[in-house]
Each structure stands twice: as C-alpha cells, then as structure tokens.
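A look at the structure
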Amino acid sequence: MKLNVRTTRHTALVLLLFCSTAMARDLDQDEALSLREKGVILPLEQVLQQAMDRYPEAKLLEVELEEKHDIYIYEVELLTVEGVARELHLKADTGELVKDKED
C-alpha cells in the first residue's frame, strides 16, 4: 500500500511540474515596451487593428501579451456586436492569427 501512495504522489508531482512549465507567462508593460523597441514584437495598435478588422464594431475587453515556449502572443478579448465574447491569439512578431475561439 505504501508503494502505491508513493507512486501516486510522485506521479502527481511530475504532472504538476509539467503543467506549470507549459503555462504562459504574462509580460508587464515595461517588458512589452522593451521588446517593441527592439523590433521583436509588433506594436499593439497594429495587431489590435487586425483583430478589430475581423470583428467590426466589436468592443475591446482585454489585451495581454504572453510568452509561451519562446513565442510572444497577444491575447485579445473582444465582445462582438452579437454579444459574443471572442478570444483571439495573434503572434506578436507577425500578427498571424493563431487561435480564434468563443470565450
């Protein structure tokens, strides 16, 4: 019985470590400004316009810049004119749409 408990605990610890490393890291405004000035990411305004063009007249709810697996992603949340919340993920260096899902 003790072996089972140890194995379960060990498995849970491994899963916890794996999940924590797979999570995205939010960047603060100073990091974002530095990356933009270095030309690593596009200006938010440029990427935001692409998101708004996809959903004309939508209202902006929130924007975050995240880093996941050394890729910078703008996460844009919009409320469409139909009242549907959308979450768009756009690559911060190219503006390429990665994900568009109902939130």
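Here, every reference points to the structure presented above.
In what follows, the accompanying structure is described. (Residues numbered from 1 in each chain as written. Predicted model: local features only at pLDDT ≥ 70, side-chain atom pairs only at ≥ 80, totals over all residues. Heavy atoms only, no water.)

Side note on the nonpolar core
Cut-off, in case you're wondering: The term nonpolar core refers to a set of buried residues drawn from Ala, Val, Leu, Ile, Met, Phe, Trp, Tyr and Cys, joined through side-chain atoms within 4.5 Å. Burial classes follow relative accessibility: with a 1.4 Å probe on protein chains only, a residue under 20% of its type's maximum area counts as buried, one over 50% as exposed, and anything between as partly exposed. Only heavy atoms enter the contact rule, under which two residues are in contact if any of them lie within 4.5 Å.
Counting 17 residues, the largest nonpolar core has Ile41, Leu65, Tyr72, Tyr74, Val76, Leu78 and Leu88 as its most contacted members. Residues within four places of Tyr74 in sequence aside, it is in contact with Ile41, Leu42, Pro43, Leu44, Val47, Val63, Glu64, Leu65, Leu88, His89, Leu90 and Ala92.

Some words on the pairing of strand E4 (residues 85–91)
Heads up, the condition is: Strands are runs of DSSP state E lasting at least two residues, helices are runs of H or I lasting at least four, and both sets are numbered from the N terminus onward. Note on pairing: DSSP must find at least two bridges between two strands before they are called paired.
Counting buried positions along E4 yields five of seven residues, so the element is predominantly enclosed. Looking at chain direction, strand E3 (residues 71–79) and E4 are connected through seven bridges and run antiparallel. Directly across from Ile73, in E4, lies its bridge partner Lys91. In this structure, E4 lies alongside strand E5 (residues 97–102), joined through five bridges in antiparallel fashion. Note on E5: the bridge partner recorded for Leu90 is Leu97. Once E4 ends, the chain turns through five residues before running back antiparallel as E5, passing Gly95 with a positive phi of about 85 degrees.

Brief notes about the environment of Ala32
Examined against the element boundaries, Ala32 turns out to sit in helix H2 (residues 29–37). Note: C-alpha distance between Ala32 and Tyr72 (40 residues apart in sequence) is 9.7 Å. If sequence neighbours within four positions are ignored, Ala32 has contacts with Ile41 and Leu65.

Here we look at helix H3 (residues 44–54)
Cut-off, in case you're wondering: Directions from the helix axis toward the C-beta atoms define the arc.
For H3, the complete set of buried residues consists of Val47, Leu48 and Ala51. Seen from one end, H3 has its buried residues packed into an arc of 100 degrees, which puts them on one side. Opposite the buried face of H3, at more than 90 degrees from it, the exposed residues are Glu45 and Asp53. Looking at the buried side of H3, the elements it contacts are strand E2 (59–68), E3 and E4.

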